[in-house]
Amino acid sequence: MTQERLPRLAFLGLGVMGREMAGHLVAAGYAVAVFDIVADACSALEEQGAVACGSVAEAVRDADIAISMLPNTPQVQDVVYADGILANMKSAGVFIDMSTISPEATRKMAGDLSAKGIALLDAPVSGGPIGAKNATLTIMVGGDAQAFDRARAVLETMGTTVTHVGASGAGQTVKLCNQLICAVNIQAVCEALALGRASGVDLSQMREVLLGGSAASWMLDKLGPSMIDGDAKAGFRIDLMLKDLRLVLEMAGQNDVPLPATALVTAQYVEARAHGEGANGNQALFRVYDRMTGQDKRQAAVMDSRQ
Ligand code: NAD
């Protein structure tokens, strides 16, 4: 029996998420050509067995499937249009964009690429850097069903839950709904902790009790301890959530859907970033409540009195 050749891959964007995801593909035996605008980002992957390239064009030229994991919509448009995938990938190729970007821009790119015989799948992820490292990402995929079938094994090398959720843009839509729920839930946890703290209850005990009842949530479970301890280390960064919330509000505007809770929490993310929290994890939203309740001033006074 002849063994089917594995598709040749290109991977664009080797940041916090992409370098782990590309690493799994190399480890699984795929030939992977990699490119990042930061040349150093390719070195670690090269050591693992990937081929480092100097441009998008070089990386995608021989690829059957190209994958991107880039910051936002303009960067994905860049790798498509600026002497990139549109001009250099072979017809019948599949381009999987795993970044979180605009559903509308996704549909426009899918149309332009399809005119050249290239299928675009939008396949954003949930699970963060730990999910990327452990290949346990949840991946929600929009686009042509046949292209999805061709890409499924590649996607399953990076994630455990891989679901085709509809036509082009549907993956991004589901991901943005996921982000809306996450952000509003983080805000709810912050408000409860701020109220509990001001009323003098033990926050760690309160969290444990609440995790046993109907207020239990992933955010209370995973981010609650670092909120209580004042540990702001990322995880999923404030900057990235703010970017996603803006995409949610843009989509809400296009569809005439009022999202009052999302609008409010977006303003708090703007406040957090203005106070230098952009590179911190999402639990740093609690620091907005430190400032609103004067807790930051009280903490500073305690520190001063100790000096
Ligand atoms: P990152 O900023 O760490 O990595 C992005 C990489 O893309 C960088 O290495 C950058 O140099 C590279 N890049 C930028 N423009 C480029 C271009 N034109 N060509 C080639 N490379 C380019 O971001 P990340 O944390 O890896 O996130 C990537 C995407 O995944 C984002 O859309 C983000 O919203 C989404 N996401 C991130 C997380 C997370 O926790 N970090 C979780 C889920 C989803």
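Residues numbered from 1 in each chain as written. Predicted model: local features only at pLDDT ≥ 70, side-chain atom pairs only at ≥ 80, totals over all residues. Heavy atoms only, no water.

J.: It is not clear to me how unusual backbone geometry should be interpreted in this structure. Could you clarify?
T.: Across residues other than glycine, the phi torsion is negative in most instances, and most of the peptide bonds are trans. Backbone torsion omega between Ala-234 and Gly-235 reads 15 degrees, so that peptide bond is classified as cis. Within the secondary structure layout, Gly-235 lies in the loop between α12 (224–229) and α13 (238–254). Phi is positive for Asp-83, which is not a glycine, with a value near 45 degrees. Checked against the element boundaries, Asp-83 lands in the loop between α4 (73–81) and α5 (85–88). (Helix = DSSP H or I, 4+ residues; strand = E, 2+ residues; numbered from the N terminus.)

J.: I tried to follow the site of the ligand on my own but got confused; where do I start?
T.: Near the ligand there are 25 residues, and of these Val-16, Met-17, Asp-36, Leu-70 and Lys-243 occur at the shortest range. A distance of 3.0 Å separates an oxygen atom of the ligand from a polar backbone atom of Pro-71. A distance of 2.8 Å separates an oxygen atom of the ligand from a polar side-chain atom of Lys-243. Burial of the ligand by the protein chains amounts to 90% of its free accessible area of 840 Å². Elements with a contribution of two residues or more to the shell around the ligand: α4, α7 (128–134) and α13. (Near = heavy atom within 4 Å. Polar contact = N/O pair within 3.5 Å; in protein donor to acceptor, adjacent residues only side chain to side chain. Areas by Shrake-Rupley, 256 points an atom, 1.4 Å probe, with all protein chains shown as cover.)

J.: Would you take a moment to explain the pairing of strand β9 (residues 159–166) for this structure?
T.: Sheet faces and side chains relate simply in a regular strand, where the side chains alternate between the two faces. The sheet contact formed by strand β8 (residues 137–142) and β9 spans six bridges and is parallel. Counterpart to Gly-142 in the pairing with β9 is Gly-166. Note that the unit made of β8, helix α8 (residues 145–156) and β9 has a crossover that is right-handed. (Pairing = 2+ DSSP bridges. Right-handed = clockwise from strand over helix to strand, strands pointing away.)

J.: For this particular structure, what's the right way to read the nonpolar core?
T.: Taken as a class, soluble globular proteins show a tendency for nonpolar side chains to be buried jointly. Residues Phe-11, Met-21, Ile-96, Met-98, Ile-139, Leu-155 and Met-158 are the most contacted members of the largest nonpolar core, which totals 36 residues. Listed by contribution, the elements that provide at least two residues to this core are β1 (9–12), α1 (18–27), β2 (32–35), β4 (65–68), β5 (94–97), β6 (119–122), β8 and α8. The element best represented in this core is α8, accounting for five residues. With residues up to four places along the chain from it excluded, the contact list for Met-98 reads Met-21, Ile-67, Ser-68, Met-69, Ala-123, Pro-124, Val-125, Ile-139, Leu-155 and Met-158. Ranked by size, the runner-up nonpolar core spans 25 residues in total, among them Leu-223, Met-241, Val-265 and Leu-285. (Core = buried A, V, L, I, M, F, W, Y, C linked by side-chain atoms within 4.5 Å. Buried < 20%, exposed > 50% of the residue type's maximum accessible area, 1.4 Å probe, protein only. Contact = heavy atoms within 4.5 Å.)

J.: Would you explain the domain arrangement of the chain in this entry?
T.: A common measure of how large an interface is: the accessible area buried when the components associate. Examined at the domain level, the chain breaks down into domain 1 (9–166) and domain 2 (174–297). Computed from C-alpha atoms alone, the centre-to-centre distance between domain 1 and domain 2 is 29 Å. Contacts between domain 1 and domain 2 engage 15 residues on the former and 12 residues on the latter. Surface buried jointly by domain 1 and domain 2 totals about 980 Å² across both partners, of which 65% is contributed by carbon and sulfur atoms. For domain 1, the biggest contributors to the area lost against domain 2 are Thr-100, Pro-103 and Met-140; these three give 38% of the whole. Applying the counting rule to domain 1 against domain 2 returns zero salt bridges. In this assembly, domain 1 and domain 2 are joined by four residue pairs in polar contact (both at pLDDT 80 or more). Among the secondary structure elements, those contributing two or more residues to the side of domain 1 that touches domain 2 are α6 (103–114) and β7 (125–126). (Domains from an automatic or database assignment. Buried area = accessible area lost by both parts, 1.4 Å probe. Salt bridge = Lys/Arg side-chain N within 4 Å of Asp/Glu carboxyl O.)

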